[in-house]
Amino acid sequence: MADSLRGLAGDFKRFLAAQEEEELLDISRPREDAPALSPAALHQAGAFAAQAAPKMAENSTLKVDFPRAQPQPAPEENPVNKTDKTRALADLAEVIKTCTRCPLGATRLNAVPGEGNVNADVMFVGEGPGFDEDRQGRPFVGRAGQLLDKMILAMGLAREKVFIANIAKCHPMVDPLHPEKHGNDRAPNAQEIACCRKYIEQQIAIVCPKYVIALGGVAAKALISDAASLGALRGKFHNLHLDSVQLPKPVQIIATYHPAALLRNPNWKKDAWQDLQMVMDQLGLKGARK
Ligand code: URA
């Protein structure tokens, strides 16, 4: 058992290292020489069949098309046990912390891989770290995070029971020359999302929650459809399809408002609450019904 875990960790590290290479950013070239995880490790790490990520652009306004993976028959149950998941997520977090695939790597104070329960039923995905998250290296710890904590509690869950991550792992700043500035946040651009995409996909595949809740338009468009508005994506379940990994079992995703948007527009909270209740109903959570 110990040997197989060591093998898994080794396989997974090599897999992640291979993904760091430039060649994986080039979708025009087949990846014959890229090391693959052994079938057992693929299952255990929840990271299946890595495909190429969209090519990194020189200019940040590049339109990136995200290819969608073909849905594949999946095993009934996620075979990844808690120890393996913890190790796979920790290995991935180490890669993220030293990532310099996009220019944000040069200006962040701390990368923010994400955190939470490796066996969570619910995973929240935001857009990217802000000022406080950049300082602490933890997701959703600022004002928006405090509201997210309340939303989680209202659902009858707790922060320790869910997994929280972002599409972009480094603080996207309006003015990277002045990271000490407050209000220096912006949404990640297409290039940054393309570079970071494999990380959130691998995290989702490893945790393999029952439901992903995309917080805001950036996360919703990156994970559901870049063609639709948040308004068009809200209010229904979508089957989640990832580009770079195959999910061990089907995962559903809903989109709702970002907590920061709810702080600016408190009248949207009613709609956000309805979105959260869709997931609560499926999970049989009582929560704080109003
Ligand atoms: N906003 C996000 O999208 N993510 C965070 O972690 C914090 C604020």
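### Some thoughts on unusual backbone geometry
- The phi dihedral of Phe140 is positive, around 45°, even though this residue is not glycine.
- Position of Phe140 relative to the elements: it lies in the loop between α5 (131–136) and α6 (143–154).

### Examining the side chain of Asn184
- Among the structural elements, Asn184 can be located in the loop between β3 (163–166) and α7 (190–207).
- A distance of 2.7 Å separates a polar side-chain atom of Asn184 from the backbone nitrogen of Asp175.
- With sequence-adjacent residues up to four places away left out, Asn184 is seen in contact with His171, Pro172, Met173, Val174, Asp175, His178 and Pro179.

### Some details on the packing of aromatic side chains
- Across all of its chains, the model carries two aromatic pairs by this definition.
- Ring geometry for Tyr257 against Trp268: centres 4.7 Å apart, planes inclined by 25°, an arrangement best described as stacked. Here Trp268 lies in the loop between α10 (259–264) and α11 (269–283) and Tyr257 lies in the loop between β6 (252–256) and α10, a separation of eleven residues in the sequence.
- The residue whose ring lies beneath Arg135 is Phe131, and the NZ or CZ to ring-centre distance is 3.7 Å.

### Digging into the confidence of the model for the protein chain
- Looking at the protein chain, pLDDT values average 80 and 71% of them are 70 or higher.
- pLDDT under 50 marks residues 14–77. Its contacts with residues more than four places away, or in other chains, come to 128 contacts.

### Topic: the packing of helix α3 (residues 82–97) against α7
- Following both chains from N to C, one finds α3 and α7 inclined at 170°, their axes separated by 10 Å at the closest point. Between α3 and α7, the interaxial angle falls into the category roughly antiparallel. Two secondary-structure elements touch here, α3 through Lys85, Ala88, Leu89, Leu92, Val95 and Ile96 and α7 through Tyr199, Gln202, Gln203, Ile206 and Val207.
- When its residues are assigned to classes, the contact of α3 with α7 shows eight nonpolar, two polar and one charged.

### Concerning the site of the ligand
- Neighbouring residues of the ligand: Gly126, Glu127, Gly128, Glu133, Pro139, Phe140, Asn166 and His258.
- Glu127 has a polar backbone atom sitting 2.8 Å from an oxygen atom of the ligand.
- A distance of 2.7 Å separates an oxygen atom of the ligand from a polar side-chain atom of His258.
- When the free accessible area of the ligand is taken as 240 Å², the share hidden by the protein chains comes to 92%.
- For the shell around the ligand, the residue count by class is two nonpolar, four polar and two charged.

### Remarks on α11
- With 15 residues, α11 extends 21 Å from end C-alpha to end C-alpha; this agrees with the ideal 21 Å at 1.5 Å per step.
- All of the buried residues along α11 are Ala272, Trp273, Asp275, Leu276, Gln277, Met278, Val279 and Met280.
- Of the surrounding secondary structure, the elements contacted by the buried residues of α11 are β2 (122–126), α6, β4 (211–215), β6 and α10.
- Of the residues one or two after α11, Gly284 is the one with positive phi, at around 70°.

Rules of the game
- Throughout, residues of each chain are indexed from 1 in the direction in which the sequence is written.
- Selection of residues for local features in this predicted model requires a pLDDT of at least 70, selection of side-chain atom pairs for listing and counting requires 80 or more, and totals for whole chains, interfaces and linings are taken over all residues.
- Based on all heavy atoms of the structure, the side-chain values leave hydrogens and waters out of the count.
- The numbering of helices and of strands both runs from the N terminus, where a helix is a DSSP run of H or I of at least 4 residues and a strand a run of E of at least 2.
- Contacts described as polar in this section are N or O atom pairs within 3.5 Å, which, within protein, must combine one atom able to donate a hydrogen with one able to accept it, while residues neighboring in sequence count only if both atoms come from side chains.
- Contact criterion: two residues are considered in contact whenever any of their non-hydrogen atoms come within 4.5 Å of each other.
- In this analysis, rings of Phe, Tyr and Trp, with Trp reduced to its six-membered ring, are considered paired at centre separations within 6.5 Å, and the interplanar angle assigns stacked below 30 degrees, edge-to-face beyond 60, and tilted for intermediate values.
- Only Lys NZ and Arg CZ are tested; either one counts as a charge over a ring when it is within 6 Å of the ring centre and within 35 degrees of the ring normal.
- What pLDDT expresses is the predictor's confidence in each residue, scored from 0 to 100.
- Where helices are involved, their axes are fitted lines through C-alpha atoms of the stretch in contact, as for all axes, and angles between N-to-C directions lie from 0 to 180°.
- Oblique is the label for every angle not falling under 35 degrees (roughly parallel), over 145 degrees (roughly antiparallel), or within 65 to 115 degrees (roughly perpendicular).
- Each residue is assigned to one of three groups, with Ala, Val, Leu, Ile, Met, Phe, Trp, Tyr, Cys and Pro labelled nonpolar, Asp, Glu, Lys and Arg labelled charged, and all others, Gly among them, labelled polar.
- Whether a residue is near a molecule or strand depends on its heavy atoms: it is near if one of them lies within 4 Å of it.
- Here the Shrake-Rupley method, with its probe set to 1.4 Å, supplies the accessible areas, and only the displayed protein chains count as covering residues.
- For a helix, the expected span equals 1.5 Å multiplied by the residue count minus one.
- Three labels apply to residues, based on accessible area from a 1.4 Å probe with only protein chains included: buried if under 20% of the type maximum, exposed if over 50%, partly exposed otherwise in between.

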